[in-house]
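Architecture at a glance
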Amino acid sequence: MIDVKALLEDIKAAPYEEIVVASPHTGVVTFAGIEPGTRVTGISGAYGEKPGTLLAKLTREHNDKPLYANAKGVVGTVHRELEGRFVEAGTPLVVIRHYLSKDEVIASILQKVLYLFRAPERAKYYFIPSVDKKVKASGARSVTVKPGMELFIVSRMKREKPLLYEGPEGIIYAVYFQHDQNVDQGAPLVGVCPADQTDLIQDVVNRVRTDWEEKE
């Protein structure tokens, strides 16, 4: 059995993720007025129309390409040694320390403790009608899955085929796909939990929602 409480303690010890902002293409780097410790914001607005904090710009063939922060956080590293130099695509420029929100902490824990049944190919996925009806009526956690159970309809190139569940028996604790949206190969479709661990996991989720202090 996975110790979900220990996982929570590990996250508390390092309540952030480090996001490396790299050069998307070649060009000459000019950094904006940022230093380690500078607070930055990510993309915002109802439609994502507001860019984050300007970090740098790349100049190529007399055209400037701005680079913005894609998440809220604090600048940890600025590779100032690259100022005014030509860099290749993929060169790390800035590291942002992004402090995790409650929802991100919960998602991180669930990704570690649940069995993730993943998409075998890029396609659209739907629950079979009987399962879909049960999910809509009583929620995903009302569904128990077993190996070999027909669970999904895979829709690709106007063709549909069934997909059998392969994995341990349990209940569907989390659903990661949305109807009418393509799911990339390898992305999780559902997270499955043994029935005897649902209360333990829910207890940790409730603790996070109650006790986790989000940093601005």
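Residues numbered from 1 in each chain as written. Predicted model: local features only at pLDDT ≥ 70, side-chain atom pairs only at ≥ 80, totals over all residues. Heavy atoms only, no water.

You'll find the protein chain entered in an unreviewed UniProt entry as Biotin attachment protein, with Solidesulfovibrio carbinolicus given as the organism.

1. Digging into the nonpolar core
Counting residues in hydrophobic clusters, the biggest one holds 22 residues, and the most contacted among them are Tyr 125, Phe 127, Phe 152 and Leu 189. When residues of this core are traced back to their parent elements, those giving at least two are strand S10 (123–127), helix H3 (129–138), strand S12 (150–156) and strand S16 (188–193). Beyond its immediate sequence surroundings of up to four residues, Phe 152 is in contact with Phe 117, Tyr 125, Tyr 126, Phe 127, Ile 128, Lys 161, Pro 162, Leu 163, Phe 177, Leu 189 and Val 190. (Core = buried A, V, L, I, M, F, W, Y, C linked by side-chain atoms within 4.5 Å. Buried < 20%, exposed > 50% of the residue type's maximum accessible area, 1.4 Å probe, protein only. Helix = DSSP H or I, 4+ residues; strand = E, 2+ residues; numbered from the N terminus. Contact = heavy atoms within 4.5 Å.)

2. Structural notes on the packing of aromatic side chains
Evaluated as defined, the whole model comprises eight aromatic pairs. Judged by centre distance (6.3 Å) and plane angle (85°), the rings of Tyr 125 and Phe 152 are edge-to-face. Taken as a pair, Tyr 125 in strand S10 and Phe 152 in strand S12 lie far apart in primary sequence, 27 residues in all. With a centroid separation of 5.5 Å and an interplanar angle of 80°, the aromatic rings of Phe 152 and Phe 177 are classed as edge-to-face. Within this pair, whereas Phe 152 is found in strand S12, its partner Phe 177 is found in the loop between strand S14 (170–175) and strand S15 (182–183), the two being separated by 25 residues in sequence. Of the aromatic side chains, those joined through ring pairs into one cluster are Tyr 115, Phe 117, Tyr 125, Phe 127, Phe 152, Tyr 165 and Phe 177. One residue, Arg 97, lies across the ring of Tyr 16, its end atom 4.0 Å from the ring centre. Looking at Arg 141, its charged tip hangs above the ring of Tyr 173, at a distance of 3.8 Å from the centre. (Phe/Tyr/Trp six-rings, centres within 6.5 Å; stacked < 30°, edge-to-face > 60°. Lys NZ or Arg CZ within 6 Å of the ring centre and 35° of its normal.)

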